[in-house]
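Per-entry structural report
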Amino acid sequence: MDDLKHKFLIFINKQGLHSRTSPTSPSNEEPVRSPSEEGIGPSRTSQLESRHTIERDPLADQDILESIELEYFNNGDFDPCNHTIKKLPESLECEAIQRDLHKLRQQQLVVSKKVLQLILQKQSTFNEEFSRILEVQHELQITLGVCREGRRDLNMAKRQFTTASLGILANYRKRQLVQGLLDSLNTIKTLQRTEERLQELLNEGNYPGAIALLLECQSAASTYRHFTCVAALSGKLQDTLEMTEEQLDQALAKVCSHFDADHYSKVQAAYRLLGKTQMAMDQLHMHFSSAIHNTAFNVVHGYVELCSGAAQDGQAGGNTFHKKQYKHLCTCVTAESFIPCLIDLCKALWGIMHSYHQVISWHQRNDSEKLSTDGVSEPVDFEASFNKQYVRQKLGNGLSRIWHDVQARISTFLLGSDLAWYKFDEFLQVLSVVHRLIEVGEEFCGSKSEDLQNSIKKQSSNYFRNYHRDSLEELRIFLENESWELCPVKPDFSILQLQEFRSLRHVLKSWKPRSDGGQTTVSSPDCSSSNHSQDGSSITGGYFARYSESGSPFDIGLDDVHEEDILANIGDEPSGYFSDESDEDIPEELKKDFVDENAGDTVTNKHSKPSSKRTSRREFMKAPILTNTTLTVLRQCGKYLQMSRLLRPIACEVIICMTQLFDYYLYAVHTFFTADLPVSSHSLYNLKLEASLKRIQDNLIVPDPSQLAESDSDHIENTRDKVPQPHISSVVDLGQQESLHGLAERVVAVESLVFLAKQLEFLQSYLEHLQGGSSYLQQFFSQTVAATSELRRPVYMCVSACAVDFRVTLVLMSKVNWEVKEVMSQHSQYVDILLRELQVFSMRLEEVAMRIPIPREVYITLWENIVHLTSNTFVEGFSNAKKCSNGGRGLMQLDFTQFLSKLEKLTSIRPIPGKDYVEQYVKAYYLPEAALEAWVKEHNEYSCKQLLALVSCACQNNKKTRQRLTAIIEDMEKIVSR
């Protein structure tokens, strides 16, 4: 069946091909004819149309037209015959084929009719277009004639022009081509030689010239890229450009370690030509970050190799350390190399920071120069303005980033070593280096360097706590071995002359307390912190301005040690006994060259130099009194101050510990020199001194274990930060009468303490500044330091009370007959004995003054104490009289008047203390009974025994009044005892 279909399909195709093939083809030259020429007129067309219209129903035709399959309307390679045959069933039936054939014929007829209708509808338009085609055909015939005419004219011109004329034109054209080719070849030759010139420019550091040459060559290569050799050269130029950019990047990296303005200007100009200004700034920050890490590693690695001896053992050891991380490498630095390594590390990182600071200065200066040169009338280059803003912002943000990297390197290095076993001077040097680096960082980017401060604080807290404990123990040993001899220093001695205060001189001189006791102010602008660093070195404009050319802040002021010149030249020790601060109050015998005690006459040595000795005595008087222990405490205070200044986070703790040094010194002096006080101490201590001594004993002194109960075991465990109570040295003798019971040692001890207190008052303003106005300091200075001078009374009372045996005086007074009937003209014998003992005291005081200077305050305190004791002795002796007549009362006045007249020759203090105390008591004997009662109630400074004795003598004839007054006195005593 399939074969039959195939043969039938071949037959149909042959019939269609035969019907489509015309036996004769019209000539190409045959003109196009109109439909009227073909014999198809309007009448014929209308006849056909009318016939089809009559024969067919329009509705039926539309149905037939819609029944046509869509495939017949396909404009592609559609074969209707093949399509129809494929629709035939497997079993062919003649009737079905006839039906299909009839249907297809109907469809063909309807389609033909429809096409004919469409053709008839467009007939007028077709005729119009066909007439235009005929016109175009006519014009083409005319054009063809013109072309034929032109060809004839061209053939004529060809015959008329000679071959020579055309040859000249051809040769000239060839000449032009050859000249252009020669220029191109010369340019190509120059391009080939560019690499040599480029290398010369790079070696000279002329980076802008090299980049400009490369860009020019690339432009030329792009022009002549049609040459094969130039195409290969373009790739080589691109490689050369990349190589040049690498060298330019290396030149940019050199800026991190050493900044050169000319070099940096050329590098920036080269990047500007490349249009990579922003990329250059990004690369620069990457180089700075790498330089910080690499520099820190190399410095530490070098010290580790040097200390370990790896450089001598060969390359293997060096490679071992080189493979370690920076954090682990820092732990390998030895204690001996730690400080030199830290200084070199800071110097190296300072160089990088200084280069970055110069980069910023260069851009600021370059921007300002461009602004002043260009003026305001120049058009704004938005790209250049954007690049400038980008660079400015990038440099500003880079400050904090670079300082953070520097902090991280230094902090890691500090935490990598154990500083617990360092000496204090070494540890202080570490703090000085770190503090100066913090100051550099604050000037660099305004950072407070919290990370760096935390790292050094972590190392410092434990170290200082142990060091302070050792310092207190060392101070205890010093005090227990102190002989309390005078340490001779120059008259102008000040703590600022000590080596430990050298770094604080400019700072301390610039601080002075306000008159209202408020915060401190700077005495002059020249001493402000902007002009002086914290270590005392003068700075103008900051570290970056000071070391703009060479050097670093870590080159000087760290290890240099200056010799102290504080000791006086010790020759013949002059007399130091002075009763006042002026020469007018100095006793006449002390103004002489020397005194002959036997004759009392002045012996003048002609060969002596009186003026020189007098000057020496004045200097001896003005020199401060202090001991070696005092100097030790002052030096410790200087060290503590340096640590407080260099490490602000623990400044409060350090200053409190510094005050404990003074507290312990005060407590030791009090314990040593008031233990032998023979009189009651109730009136010798004021409230501040008592409170200070109680506070020191509770907070600083280890209690005696024998005095603690078993329940106080916890209290014993909390005594780690306390110090045992000191004990006076056995070489100090306080019992000799000839030396006034160790007066020289007592003067040296107490006055050195007073001098120490004055030095702390000098430091008060700066201490409050470091501690931030702490209430502890205010309480310390207002109570403890202010009460230091009050210690003179109890200490010197030990001397005054033992200088005269007042018990003998009372015994002698008790033997006097106070019931004489007449007023005596001769004073009692006990007065002469008492005055003689005071003369001996005065002479011994002069002997002591031959060895040490006795300040005016000591002189006054000694005589006030002894006069106070004498006055009490007089009143006590008078009160021991059971009966007293008017003559006896007059004798009392005579004795005391005689005593005062002689006492005024022995001492220069005026008025005589205790004079009213005795005179009022004696005069009370003369008061009437009514006035005596009021007097007794008003004068409670006398003891109950003394008042009772007075009443007993004054009212011996009136028992009732005596009993009434006695009752009043007993009631007053009860009130006082409560």
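Just above sits the structure.
Read on for a plain summary of the structure. In this text the structure is predicted, and so the values were computed from the model without any measurement. Numbers given to residues run from 1 along each chain, matching the order in which its sequence is written. pLDDT decides what is reported in this predicted model: residues at 70 or higher carry local features, side-chain atom pairs at 80 or more are listed and counted, and totals for whole chains, interfaces and linings draw on all residues regardless. To obtain the side-chain values, all non-hydrogen atoms of the structure were included, while hydrogens and water were left out.

A short note on the environment of Ile-352
The line we're drawing: Runs of E in the DSSP output that reach at least two residues are strands. Runs of H or I that reach at least four are helices, and both are numbered from the N terminus. Each residue is placed in one exposure class: buried if its accessible area under a 1.4 Å probe, protein chains only, is under 20% of its type's maximum, exposed if it is over 50%, and partly exposed if it falls in between. Contacts are residue-level and defined by heavy atoms, with any inter-residue pair within 4.5 Å sufficient.
Inspection of the secondary structure puts Ile-352 in helix α16 (residues 335–374). The class of Ile-352 is buried, set by a relative accessible area of 4%. Taking the C-alpha atoms as reference points, Ile-352 and Ile-292, 60 residues apart in sequence, are found 7.1 Å from one another. Setting aside chain neighbours within four positions, we find Ile-352 in contact with Cys-256, Phe-288, Ala-291, Ile-292 and Thr-295.

A word on the state of the cysteines
We apply this condition: Two cysteine sulfur atoms form a disulfide, by the criterion used here, when they sit within 2.5 Å.
Applying the stated criterion to the full structure yields zero disulfides. With no disulfide of its own, Cys-332 lies closest to Cys-330 among cysteine sulfurs, the gap being 8.8 Å.

Quick look at a nonpolar patch on the surface
Basically, it comes down to this: Note that patches include only residues with greater than 30% relative accessible area and no salt bridge, and the join distances are 9 Å for like charges and 5 Å for nonpolar side chains (Val, Leu, Ile, Met, Phe, Trp, Tyr). Using a 1.4 Å probe, accessible areas were evaluated by the Shrake-Rupley method; residue-level cover was limited to the displayed protein chains. Note on definitions: salt bridges are taken to be side-chain nitrogens of Lys or Arg within 4 Å of carboxyl oxygens of Asp or Glu.
On the surface, Val-111, Val-115 and Ile-119 cluster together into a nonpolar patch covering about 220 Å² of accessible area. A relative accessible area of 41% places Val-115 in the partly exposed class.

Some points on the packing of helix α19 (residues 450–480) against helix α25 (residues 651–673)
We apply this condition: Between N-to-C directions, angles cover 0 to 180 degrees, with each direction set by a line fitted to C-alpha atoms, over the stretch in contact for helices. Roughly parallel means an angle under 35 degrees; roughly antiparallel means over 145; roughly perpendicular covers 65 to 115; every other angle is labelled oblique. The crossing is said to be left-handed when, going from far helix to near helix, the turn is anticlockwise and less than a right angle, and right-handed when the turn is clockwise. Asp, Glu, Lys and Arg are counted as charged, while Ala, Val, Leu, Ile, Met, Phe, Trp, Tyr, Cys and Pro are counted as nonpolar; the rest, among them Gly, fall into the polar class.
At a closest axis distance of 11 Å, the pairing of α19 and α25 adopts a crossing angle of 15°. Viewed along their axes, α19 and α25 adopt a mutual orientation that is roughly parallel. Seen along the crossing, α19 lies across α25 with a hand that is right-handed. Taken together, the residues of α25 that come into contact with α19 (itself represented by Phe-464, Arg-465, His-468, Leu-472, Leu-475, Arg-476 and Leu-479) are Glu-653, Val-654, Cys-657, Gln-660, Leu-661, Tyr-664, Tyr-665, Ala-668 and Phe-672. Of the residues that constitute the contact of α19 with α25, the class distribution is eleven nonpolar, two polar and three charged.

Some words on the packing of aromatic side chains
Using the following cut-off: Here is the rule: rings of Phe, Tyr and Trp (six-membered ring for Trp) pair when centre to centre is within 6.5 Å. Planes less than 30 degrees apart are stacked, more than 60 are edge-to-face, and the remainder are tilted. Think of it as a cone above the ring: NZ of Lys or CZ of Arg counts as a charge over the ring if it is within 6 Å of the ring centre and within 35 degrees of the ring normal.
Counted by the stated rule, this structure contains 34 aromatic pairs. Ring geometry for Tyr-921 and Tyr-942: centres 5.3 Å apart, planes at 45°, overall tilted. Within this pair, whereas Tyr-921 is found in helix α35 (residues 915–923), its partner Tyr-942 is found in the loop between α36 (929–938) and α37 (944–954), the two being separated by 21 residues in sequence. By the burial criterion, Tyr-921 is buried, and Tyr-942 matches it. An aromatic cluster is built from Phe-288, Trp-350, Tyr-356, Phe-444, Phe-544 and Tyr-547, whose rings are joined through pairwise contacts. Cation over ring: Arg-889 sits above Tyr-926, and NZ or CZ is 5.9 Å from the ring centre.

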